[in-house]
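Each chain, letter by letter, is given below.
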Amino acid sequence: MRHFGHITPAVRKRLFFREPGEFTPRSPARLLSAALGATLYSPATRPRLADDVVKQGAQGVVSMVLCLEDSIGDADVMAGEENLVQQFADLAGRPAADLPLLFIRVRTPGQIPDLVRRIGPAASLLSGFVLPKFTAERGLPFLEALAAAESESGHRLFAMPVLESPELLYRESRVETLEGIFRAVDKYRDRVLALRLGVTDFCSSYGLRRGPDMTAYDIQVVASVISDVVNMLGRADGTGFTVTGPVWEYFRVQERMFKPLLRQSPFHEVKAVALRQKLIEHAMDGLLREISLDRANGLLGKTCIHPSHVLPVHALSVVSHEEFSDAQDIVRPERGGGGVLRSAYTNKMNEVKPHRAWAERTLLRAEVFGVANEDIGFVELLAAGLED
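Residues numbered from 1 in each chain as written. Predicted model: local features only at pLDDT ≥ 70, side-chain atom pairs only at ≥ 80, totals over all residues. Heavy atoms only, no water.

A. Representation of the overall build of the chain within the structure. Within the chain, the secondary structure is distributed over 17 helices and twelve strands. A compact globule built from 388 residues should have a C-alpha radius of gyration of about 21 Å, and the chain, at 21 Å, falls within 12% of that. The principal-axis extents of the C-alpha atoms in the chain amount to approximately 60 × 45 × 45 Å. For the chain, buried positions account for 53% of its 388 residues. Sequence-distant contacts, at least 24 apart, represent 78% of the contacts inside the chain between residues at least 6 apart. With an accessible surface of roughly 17,600 Å², the chain has 51% of that area assigned to carbon and sulfur atoms. Where the 46 positive side-chain charges of the chain centre and where its 49 negative ones centre are 4 Å apart. (Helix = DSSP H or I, 4+ residues; strand = E, 2+ residues; numbered from the N terminus. Rg over C-alpha atoms; globule rule 2.2 N^0.38 Å. Buried < 20%, exposed > 50% of the residue type's maximum accessible area, 1.4 Å probe, protein only. Contact = heavy atoms within 4.5 Å. Areas by Shrake-Rupley, 256 points an atom, 1.4 Å probe, with all protein chains shown as cover. Lys, Arg positive; Asp, Glu negative; His and termini not counted. Charge placed at Lys NZ, Arg CZ, Asp CG, Glu CD.)

Structure below.
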């Protein structure tokens, strides 16, 4: 599979200076964690779930979570489990296709080995499990169950803990909770693919809900948690993990209080004014801003609950030609001694030692999302994905 693999080779050639690379569920964890992109959630109870998975894979989705937790009612859990067993068998019986990386979000540790056994040989299609409300105390049993299921089945299984508990939100318990989470995930580092932020649960602890004109970073109590999670769990010194961005809840806005957040000029320049209007009508201007803030704050990838959110996440994950040029200059072997150099774009300073970690992360993102041609911006990437 590859990002933007659903668009034609001719269009990819026009868009990319370096096309997105291919990867498989068996690729190294470091590569897969960067490649997750927009992780699309779907209730495990959907009757045509196998069809949905195939359809979304063909439209550019590369990671999906089939949810047995908050997206379904308590009374529907057993039916959801049975449906998953049937749908995985359905997928396994189909002709080979580029399926997304598939994860199951469970409620209890015991569901992990139980589902792997019941799914049987079709578990080879399963990339891992999403672990809810993760703390050191609640999370370790999940990680132990995952390790046991992996050993029993012989299939590599990854964990994606969700950081969403009140203990993490409350100031008086936050540092202790983060320290405990780090100890738990560090013990199982090889199995932890990414840490996911449950911002909806954070908001619920205070009776808050951000509107379509607001990003997660405008809600200060939420922004402070994101900051501390990245500070303690997302470091670039080899101890950190990939941390993914929070979910965007809106598909369409009936009425807005503030002006749209999208500038007009990038759309006028490529004659895509109608695209701008469509994005605004569907609350995508807020989503695009939040994705940009995610990246600026050290997050990579995003939880999505609607297929229309996938392309914006991927379009804004593509490395610009300017970023790629700077990153390559910084990591050149002859720069090992440090120093300062002028950007090839002659608009900034590249300081080799302080910017090296950024450059390495940028080149990893370029490997999976590609590098845009010099004259290509996010508008062209969005437009091409919508047209194709």
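B. Spotlight on the sheet that holds strand β9 (residues 302–304). Here we have eight strands laid out as an open sheet, ordered β8-β7-β6-β5-β4-β3-β2-β9, and parallel in their pairing. Strands with a single pairing partner mark the edges of an open sheet, and in this sheet they are β8 (243–244) and β9. Pairing of strand β2 (residues 38–43) with β9, which is carried by three bridges, proceeds in the parallel orientation. By the bridge assignment for β9, Thr39 is matched with Thr303. Sitting on the sheet, helix α10 (residues 220–233) touches β6 (158–163), β7 (195–197) and β8, and the angle it makes with β7 is about 170 degrees. (Pairing = 2+ DSSP bridges. Axes fitted to C-alpha atoms, helices over the stretch in contact; angles between N-to-C directions.)

C. Local environment of the nonpolar core. Core analysis: the largest hydrophobic core is formed by 86 residues, its most contacted members being Ile104 and Phe129. Met1, Val62, Phe158 and Ala194 belong to the second-largest nonpolar core, a separate cluster that totals 23 residues. (Core = buried A, V, L, I, M, F, W, Y, C linked by side-chain atoms within 4.5 Å.)

D. Fine view of the side chain of Gln111. Looking at the secondary structure, you find Gln111 in helix α5 (residues 111–119). Once residues within four sequence positions are removed from consideration, Gln111 is found in contact with Leu68, Val77, Glu81 and Val106.

E. Layout of the side chain of Thr135. Residue position: Thr135 is located in the loop between β5 (126–131) and α6 (136–153). Note on Thr135: relative accessible area 7%, which makes it buried. Setting aside residues up to four positions removed in sequence, Thr135 forms contacts with Leu140, Ser165, Glu167, Thr177 and Ile181.

F. A look at the layout of surface pockets. Space inside the largest pocket adds up to approximately 980 Å³. If you go around the largest pocket, you meet 33 residues; those closest to its centre are Phe241, Thr242, Leu300, Arg361 and Leu364. Those elements giving two or more residues to the lining of the largest pocket turn out to be α2 (29–35), α13 (284–296) and α16 (352–369). At seven residues, α16 tops the list of elements feeding residues into the lining of the largest pocket. (1 Å grid on protein atoms, 1.4 Å probe; cavity = no way out; pocket = protein on both sides within 12 Å on 5 of 7 lines; lining within 4 Å. Points joined across faces, edges and corners; volume = space filled by probe spheres on them.)

G. Representation of the environment of Lys13 within the structure. Structurally, Lys13 can be placed in helix α1 (residues 9–15). Separated by 313 residues in the primary sequence, Lys13 and Asp326 have C-alpha atoms spaced 22 Å apart. With residues near it in sequence (within four places) discarded, Lys13 still touches Glu19 and Asn373.

H. Inspection of the packing of α5 against α6 at higher detail. As a packed pair, α5 and α6 sit with axes 8 Å apart at the nearest point and diverge in direction by 25 degrees. As summarised for this structure, α5 and α6 are arranged roughly parallel, according to the angle between their axes. In the packing of α5 onto α6, the handedness of the crossing is right-handed. Residues Ile112, Pro113, Val116 and Arg117 of α5 pack against Phe142, Ala145, Leu146, Ala149, Glu152 and Ser153 of α6. (Parallel < 35°, antiparallel > 145°, perpendicular 65-115°, else oblique. Left-handed = near helix turned anticlockwise from the far one by under 90°.)

I. Focus on the pairing of strand β4 (residues 101–105). Of all five residues that make up β4, five are buried, and the element is covered over most of its length. The alternating pattern of β4 places Leu101, Phe103 and Arg105 and Leu102 and Ile104 on opposite faces, both of which are buried. Of the strand pairs in this sheet, strand β3 (residues 63–67) and β4 are connected by five bridges, and their pairing is parallel. The partner of Met64 across the bridge, within β4, is Leu102. On the question of chirality, the crossover connecting β3 to the parallel β4 by way of helix α4 (residues 77–92) is right-handed. Here four bridges tie β4 to β5, and the two strands are oriented parallel to one another. Bridge pairing in β5 links Ile104 to Phe129. Crossover handedness for the path β4 to α5 to β5: right-handed. (Right-handed = clockwise from strand over helix to strand, strands pointing away.)

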